[in-house]
Amino acid sequence: MSRLPAQPGERIARERVVRFTFDGHPVEGYEGDTIGSALYAAGRRTFSRSFKYHRRRGLMCCAGQCPNCIVAVDGAPGARACTEPVREGMRVEHLNATPGLEFDLMSAVDRFGGALTPPGFYYKTFIRPRKLWPVYEKVLRHAAGLGRIAKVHPDRQWQTEYRRRHTDVLVVGGGLAGLRAAASAAELGADVLLVDNGPRPGGRAIVDGHHGTAGHLHDKAVAAGVEILDGATALGYFDGLVPVWQGSTLHQIRAQEHVFATGAVEQPLVFSGNDLPGVMLSGGACRLASLYAVKPGNRAVVATTSDRGLQAAIALRKIGVELAAVADLRSTPGPPADAVRKLGVEVLPGHTVVEAQGGKTVAKATIAPVQASEADGGAPPTGRTFECDLVITSGGFVPAASLLVQAGAKTRYDSQRGHFALSDMPKSVHAAGEVAGYEDADSLSCSGKLAGLAAAHALGLGNPASRKAADELRERAATATAHPAAAALPPAVCGQGASKCFVCHCEDVTAKDIRQSIAEGYDSIELCKRYTTVTMGPCQGRMCELQSVRLMAQEMGRSLDEIGTTTTRPPTTPVPMGVLAGPPFEPAKRSAIHGRHRELNANVMWAGDWRRAYDYGDPEAEVLAVHRAAGLIDVSTLGKLLVRGPDAGEFLDRLYPNRLSNLKPGRIRYGVINSDAGRIVDDGTICRLDDDTFYVTTTSSGAGAVEEWFSWWLTDWGMRVYLTDITQGLAAVNLAGPKAREIMERVTELDCSNEAFKYLDGKRALIAGVPCLILRIGFVGELGYEIHCPSAHGEHLWDALLQAGEEFGIRPFGLEPQRVLRLQKMHILVGQDTDSESTPFGAAMPWIVKLDKEEDFIGRWALERYSTESASTTLVGFTLSDGRVPTEGSVVLDGGQAPIGQVTSSRFSPVLRQVIGMAWVPAGRASDGDTVTIADNGRTLQARVRTKPFYDPDGEVLRS
Amino acid sequence: MSLEFLDASAAVKTEGFSPVARSPMERRARAAGAQIEERGGWALAVAYAASEQEAQTISHAAGWADMSHLAKLELQAEPDVVEAIFVSNPSAHFELGTAHRTDGAWWCPLAPSRLLVICEPSRFASVRRQLEDAVGAARKPVSLVDVTTAFAALTIVGPLSREVFARFSALDLRPHETPVGAVRPGSVARQPGVVVCEDEDRFLMLFGWAVAEYVWRQVEEAARRLGGSPVGIDALAPLDAAVEEVGG
């Protein structure tokens, strides 16, 4: 155990022990521990195996940035042990090692496979013999990846909750700057939301011993009304929308002003053996010690480029870590060097670590003057070697600016700081703290306050005093950023020894790989990224982008600005797919009568966005019931529009090819809606209710599009017409069959005789006590009444009609019987019997186009042309004598077996006792009695053409 | 020919027929344990649990009540006519996004040329008469349509009501953005909807009649996670006098 005595600000609760397993072995930690800290305290040093070479990897950043400690928790891969809190009974397992973490067969790739695994090796090594590629591919796919997802894993199923949140100011990052920004904006009256990915806000301040200040600022923010989401990671910036992942919730945050206080990421140094367990960033070691009271090692070598490494050395010495040597790359180390020397530790100016050696963990490290290692360009390092079990490195800091860049901020290489710093900021976006170049606690806090005030002022909040304060802070901030703390710029590669120098720990990309990539012509950072996969791993370039750019610049003799950076894209942090999937929104429309269909055991299917009754168990019997007695179908799904106003008739005349302005009140006319190109887009009926009011029905699936189409033209024409879509407001049923009239007489006082209520009449009456609009039309070919009533009475109407029809043998019928019935009448279904090329002329409906209308109408120009040209194909009916029903979509062949048409509808008609259908055939074969050949799944069928309806061709039944 | 076939309240009891208007969410309400009563021609979910329990839900979490029976009238006309009719109400000020509450009805300007008036069924006749009188006086083309059954409705009430909405809607319902009396057309559960802030922590949400079951499920799933439950219409407090003055 390497647990330290209680540390000020530690996160663990020592009185509460948490037990879990790692690879089946029991481990104990404390509440507040991470998996990483508990395992480290228990003596574990190897946490994972690397992606490609299967090298041992241990804790490095302890901040959830690097890939070194990725494990599976309760079967779910991808958790970072260094940030994932321990839970009682959790099952933690290693990834990417077989048979185990300590002995991994695939680590042979590291020892023997170097020549076989250069960058892009799968394009080079495994391409011959070509026929073996499928085998190679399988092996490579099996070997690649970080963990396996079980196909069935019931205890891993969860549903993400989406929460949408609007806020005036969103602050991302809960360090000193973020907390201060949030509190400042909230104190001026802004609605502020702060998200922080730590278990509680405070950021680096807690690690650096400023937990008191952090706590005070936290309380201040809360008191000012700031909502704080901790353990919450901002995943990206999408035009102002910031998704934030917090456990099982995905917050979709829309803010007017954004403050990013996302901090900076400590950079590793590139040297031989820099990935050995025990090589750790200074921040990582300090986090282990201060947050979790875990001693990171016994004897350390420290290599730094700034005061931060020196401060870490002092902190480590305080907890009993022996310092073997401290290398400061600067020729003149900063003030903390004196404190280090006072501890009796030698500080070596101008030196850095050039090699780490060891087996399971680091055992010794070599420190050398940086000039020597740079000059010899990869020659074995010369210097002093120290035995140690810990190598602390600090290669500078890079602003964590991914979100800012996604928001539109620009970066430019800052040679003084040695990294890409923010240059231009977009409107409504503010940066605060380390990401903006502030370093010490005072300037962090100052920049946070400034950002908070600026955000509030942008919202129109604040007062003269706050504006004056902002001006003063701006001056102080400018001074603070003008003089960054002294830091040395590390060489691209500090030293190259026997072992590999890793630029990218996630993807196992070495300095040699980058050099080879350049040599092979991949000489831009974006090409190099795609070729070597550098920056494409779980860290998303946070810990390797600068190193790879620096190396490319050195190798190519260019500046870092010339090399540039890769593009940052969301998500900025790996996120489970389940989090993004979210809860399903599958809106289903149901008619007001839907419940009755369920009770009648209807087979329900999707029809567009509606749930509809397909049949009630026996579609054939339902067809026959309509012919012999009566049937009742729910047609509430029909689109229904009220078109009202003095210009309503003229408006419809312009939209339909036939004439509607001369329709008498109480009469109905069929209409087809054409596109500008004269193609059929929808159909339905139009009933004139009074001089200024028309009731228009459309197809079920076309309702929305027709309403949009009408609205669009109405806006353009500016006529005195008002549209109201009442599709969902009215239930509708079609009562059809020879007994329909008798049934009607039992539910209404309306005179339903043929003389009083003719075919194509529309009347208003009470049906079973409910106010209804009754349209005498017949889509299914029998005497029929389409009855429309308020949706709230739909069930009552349905029940009343079924009850009244019971003695006559009425049956409810569904969509499938309706399709058979309408096919017998050769009534088209738009979208099934027509396509985007179908015109009324081709669809055998030339009678509906009234070219003698005075008014212009949509599609007129095209229809005039079609009227003078004979259509190449025509929609006709057909019968088949051998009883086989061709598949809808089957091809109609010409004599030479070339496709010349297609079957659009086909069914067996139980009343006609034969197969009937509709098909597009060449105009020359569209006469009654012509035969056409249909090819259907290898069968050839001979069909006989028919141009008139199969059932009641003269419409006598309909009109009776 | 009139548009009476759109009017659910025009149903009459005759010999052999007793039509009762039903909400599209009645089955859901029954499944959730609703006590259904017939009032004013509608079958209404008046309660689900003891009144104290429902009051607790409303005061500590979020409750939702089926208000589909509310009468709704849509008026369309040229903008100047719509505004003139709107401001014919005493102290009404026409502003898109702000509803006017008067005499038990919400007058919601949804667009310059479109007004939606929502009221209790008991107020329907008088509100319609008022509108018809205004239409008659307008001397310009006006369309007045009963859209009661085109829109189902839920009232979501309680301190967590905004959090319930946040689970299925991106509407900004924060008090300073959507104060009492604000009307917000927008997407609810990815369907077109209209939300009226009726009172502090109380929202009336309108949506398509045919998607009501689906919307109920979305609301139920969101609210139950937050400790909410359905409440009967009797659990809703009458909108107070202060709200009546909204828009004045």
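Now for a description of the structure that goes with this document. (Residues numbered from 1 in each chain as written. Chains lettered and ligands numbered in written order. Predicted model: local features only at pLDDT ≥ 70, side-chain atom pairs only at ≥ 80, totals over all residues.)

**Re the overall build of chain A**
Rules: Numbered from the N terminus, helices here are DSSP runs of H or I no shorter than four residues, and strands are runs of E no shorter than two. This radius of gyration counts C-alpha atoms alone. The globule rule is 2.2 Å times how many residues there are, raised to the power 0.38. The burial criterion counts other C-beta atoms lying within 10 Å of a residue's C-beta, which is placed from the backbone; the residue is buried at 20 or more, exposed at 12 or fewer, and partly exposed between these limits. A residue pair is marked as a contact if its C-beta atoms, positioned from the backbone, fall within 7 Å.
Check the secondary structure of chain A and you find 28 helices and 48 strands. Computed over the C-alpha atoms, the radius of gyration of chain A is 39 Å, more than 25% above the 30 Å expected from 2.2 N^0.38 for a compact globule of 960 residues. Sorting the 960 residues of chain A into buried and exposed places 54% on the buried side. Counting contacts in chain A only where the partners sit at least 6 residues apart, residues at least 24 apart contribute 67% of the total.

**Thoughts on the packing of helix α24 (residues 740-747) of chain A against helix α25 (residues 794-805) of chain A**
When two helices pack together, their arrangement is given by the angle between their axes and by how far apart the axes lie. All names here are of chain A. Here is the rule: Only C-alpha atoms enter the line fits that serve as axes; for helices the fit covers just the stretch in contact. Angles between N-to-C directions range over 0 to 180 degrees. Crossings are classed by handedness, with left-handed meaning an anticlockwise turn of the near helix from the far one by less than a right angle and right-handed meaning a clockwise turn. For this scheme, ten residues count as nonpolar: Ala, Val, Leu, Ile, Met, Phe, Trp, Tyr, Cys and Pro. Four count as charged, namely Asp, Glu, Lys and Arg, and the remainder, Gly too, count as polar.
For the pair α24 and α25, interaxial distance at closest approach is 9 Å and the crossing angle is 120°. When the axes of α24 and α25 are compared, the crossing they make is right-handed. Taking contact as the criterion, the partners of Ile743, Arg746 and Val747 in α24 are, on α25, Ala800, Leu801, Ala804 and Gly805. Its residues assigned to classes, the contact of α24 with α25 shows five nonpolar, one polar and one charged.

**Some remarks on the pairing of strand β12 (residues 191-199) of chain B**
All names here are of chain B. Where we set the bar: Two strands qualify as a pair provided DSSP detects at least 2 bridges between them.
Where strand β11 (residues 183-188) and β12 come together, six bridges link them in antiparallel fashion. For Pro185, the partnering residue across the bridge sits in β12 and is Val194. Adjacent in sequence and paired antiparallel, β11 and β12 are bridged by two residues, among which Ala189 carries a positive phi angle near 50°. In this sheet, strand β13 (residues 202-208) lies alongside β12 in antiparallel orientation, the contact comprising six bridges. Directly across from Gly193, in β13, lies its bridge partner Phe207.

**Here's the deal with the interface of chain A and chain B**
Counting residues at the interface gives 47 residues for chain A and 44 residues for chain B. Considering every element that reaches the side of chain A that touches chain B, the biggest residue donor is strand β8 (residues 161-172) of chain A, with six residues. Residues of the side of chain A that touches chain B, tallied by class, amount to 21 nonpolar, 14 polar and twelve charged.

**Observations regarding the sheet that holds β13 of chain B**
All names here are of chain B. Spatially, six strands are ordered β11-β12-β13-β10-β4-β14 in an open sheet, and the strand pairing comes out mixed. The outermost strands of the open sheet, each flanked by one partner alone, are β11 and β14 (229-230). Summarising the sheet, strand β4 (residues 63-66) and β14 pair through two bridges and their orientation is parallel. Paired with Gly63 across the strands is Ser229, a residue of β14. On top of the sheet, helix α6 (residues 212-225) reaches β4, β10 (151-157), β11, β12, β13 and β14; it is set at about 10° to β10, its chief contact.

**Thoughts on the sheet that holds strand β5 (residues 70-73) of chain A**
Residues and elements named next belong to chain A. Pairing within the open sheet is mixed, and its five strands lie in the order β2-β1-β7-β5-β6. Either end of the sheet is taken by a strand with one partner, and the two such strands are β2 (25-31) and β6 (76-80). The sheet shows a mean angle of 45° between the axes of neighbouring strands, taken without regard to direction. When β5 meets β6, the two strands line up antiparallel, connected through three bridges.

**Thoughts on the packing of helix α8 (residues 282-292) of chain A against helix α9 (residues 307-318) of chain A**
Residues and elements named next belong to chain A. The cut-off we apply is this: Angle categories: roughly parallel below 35 degrees, roughly antiparallel above 145, roughly perpendicular from 65 to 115, and oblique for all the rest.
Running from amino to carboxyl end, α8 crosses α9 at an angle of 30°, the nearest separation of the two axes being 9 Å. As judged from the angle between their axes, α8 and α9 are roughly parallel. Between α8 and α9 lies a crossing of left-handed hand. Taken together, the residues of α9 that come into contact with α8 (itself represented by Ser282, Ala285, Cys286 and Ala289) are Arg308, Gly309, Ala312, Ala315 and Leu316.

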